[in-house]
Amino acid sequence: MSRAERTGPPDGGPVARGPGVRAVSALPMWVLGSAFLVDALDQNVIRGLIPQLRAHFGVGDVAIGLLMSAFVLVNGLVTLPAGYLADRWRRTRAASATMAVWSGVSAACAAAPTFGVLVALRGALGFGQGVTDPSASSLIPDYYVLGRRGRAFSVQQCLTFVGTGVGVLIGGLVGPALGWRAALVVASLPGVLVALALWRLPEPTRGAADRVQAGVADHLELVDPGAPRTPLFDRGIRAFLADLGRGVVRDVRVIVSIPTLRFALAGVSAVLFVLTAVASWMTVFYQRQLGLTQGQATTAFLVMVVAGGIPGVVVGGRVADRLVTRLAGARVVLPGVELAVATTVIIVSLADLPLAACLPLQLVGFFFATSAVPALRAGLTDAVPSHLRGTGFGTFNLVSVVCGTAAAPLVTAVVAQHFGGNLRTAFLVVLPLAYPGAALLIATAPIALAQDATKAARFYEDALQRYEKRDIPGAIIQLKNALQVDKTQLPVHVLLGKALLADSQPAAAAFEL
């Protein structure tokens, strides 16, 4: 190839394309997912250290909830600009460099002399996730075609839950044995290895897998690592910040103008609120309400994550891939149903039940809740144009953090403190907030149906015009695009058969006709 995509803004200057590959292995999804494993590990090690931190600093539940939510301010400030820049820079290198710095900050938390310093350092970790999430997530739809994205995001979420479990395990085992400072140092080490793996990962051009899916290309184009790149500050920092501000506002307006995404973002808030509320305080719930020791509570939580969360994301991703071409809006509607079921089952498990009855119910609830996540993330890539996916995931991350990861621990802690530390009552108060989110997700079905019908008709009309102008290859591509949206359109099959005959593909034409 003679031209390669530049990693700078898509609307300026020449672009350079590097070599391509005809098939993509599972390696990129596992490397990118490992970044989320490290993020989850760093966040959740605190959840395994709650008794040690309370004893060392003499703080209560609200202070611990604030510590677990500390990264929200930095993350909220960073994630949208980082998403905007992820659409313009080398994402693998940006994620790698951020991960290396992130690991250093994580290790520095072990030296915090006061609780306030610890909160400030944990807050700085929000910068890492704010940059890494949009960069890594927007790479997945450029590596993988439509039918593989659910699986790729399920791997991402699997590793997220592995990181959650490992983080709690490190906190629950290393904390009591060697102290909370040693646990934080141990938790910082995997990030260095993941940073190296990200640096070595080849980067696809934006929209590469979409072009393969549409039949425009027969292989995945990769960014030429030697291609010149426009510096971020080539016109000075002030001009850069002004362009950044205008660009973020412009791209976010495009993102929120998509009706399906507005509903999906509301639903994501509900999903993350439920998952984070449960994950943040469940080990403490087991200790206070069920009388378990710290080690027993950690083990019970790990069983729920491993036996419920990991199968949930695997099944959820595969089901979403199977239904994406069969059911309009499947990647948004299905999570709504799963969220409603999950919330109901978890609420039932909060009755005054022994662990032998409580844990299996919570495992089932966690399964359904986690099965919704890969479908929602894959659905975002389906709805957002390839050149805006970084901003799309930045928006997704901001909503997830503010309404889920940050709000859930703190809200649950405040409610529990109001009821004398009773986490059972706190869960029963906050978890029903998920039902409106589930209803919004399910309500996207008629919107998705209408959008799909309009999209298929637009593809067909364009194909018909191309066919009449004897642009046979262009007509075939647009007709295949229409069938990806809706396979039941008889006129599309008929015209595709005629176009294939005109293109000297009689066997394929006979199949269509």
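Scroll up a little and you will see the structure.
Residues numbered from 1 in each chain as written. Predicted model: local features only at pLDDT ≥ 70, side-chain atom pairs only at ≥ 80, totals over all residues. Heavy atoms only, no water.

(A) Summary view of the overall build of the chain. Counting its regular elements, the chain contains 22 helices and 2 strands. Expressed as a percentage of the 513 residues in the chain, the buried residues total 54%. Residue pairs in contact within the chain that sit at least 24 positions apart in sequence constitute 79% of those at least 6 positions apart. (Helix = DSSP H or I, 4+ residues; strand = E, 2+ residues; numbered from the N terminus. Buried < 20%, exposed > 50% of the residue type's maximum accessible area, 1.4 Å probe, protein only. Contact = heavy atoms within 4.5 Å.)

(B) Summary view of the packing of helix 13 (residues 294-323) against helix 14 (residues 330-349). Where helix 13 meets helix 14, the axes come as close as 9 Å, and the angle between the chain directions of the two elements is 135 degrees. Accordingly, the angle class assigned to the pair helix 13 and helix 14 is oblique. Crossing of helix 13 over helix 14 shows right-handed handedness. For the pair formed by helix 13 and helix 14, the contact residues are Val319, Ala320, Asp321 and Leu323 on the first element and Ala330, Arg331 and Leu334 on the second. (Axes fitted to C-alpha atoms, helices over the stretch in contact; angles between N-to-C directions. Parallel < 35°, antiparallel > 145°, perpendicular 65-115°, else oblique. Left-handed = near helix turned anticlockwise from the far one by under 90°.)

(C) Representation of the environment of Leu431 within the structure. Along the chain, Leu431 turns up in the loop between helix 17 (423-430) and helix 18 (434-442). Counting along the chain gives 156 residues from Leu431 to Leu275, while the straight-line C-alpha distance between them is 9.6 Å. Excluding residues that lie within four positions of it along the chain, Leu431 makes contacts with Val274, Ala277, Val278, Thr343, Ile346, Ile347 and Leu350.

(D) Geometry of the packing of aromatic side chains. All told, the structure shown has 6 aromatic pairs when counted by the stated rule. With 5.5 Å between their ring centres and 65 degrees between their planes, Phe57 and Phe115 make a pair best called edge-to-face. Of this pair, Phe57 sits in helix 2 (residues 50-57) while Phe115 sits in helix 6 (residues 115-143), and the two are 58 residues apart along the sequence. Pairwise contacts between aromatic rings join Phe57, Phe115 and Trp180 into one cluster. A cation sits over an aromatic face here: Arg93 above Trp199, 4.2 Å from the ring centre. (Phe/Tyr/Trp six-rings, centres within 6.5 Å; stacked < 30°, edge-to-face > 60°. Lys NZ or Arg CZ within 6 Å of the ring centre and 35° of its normal.)

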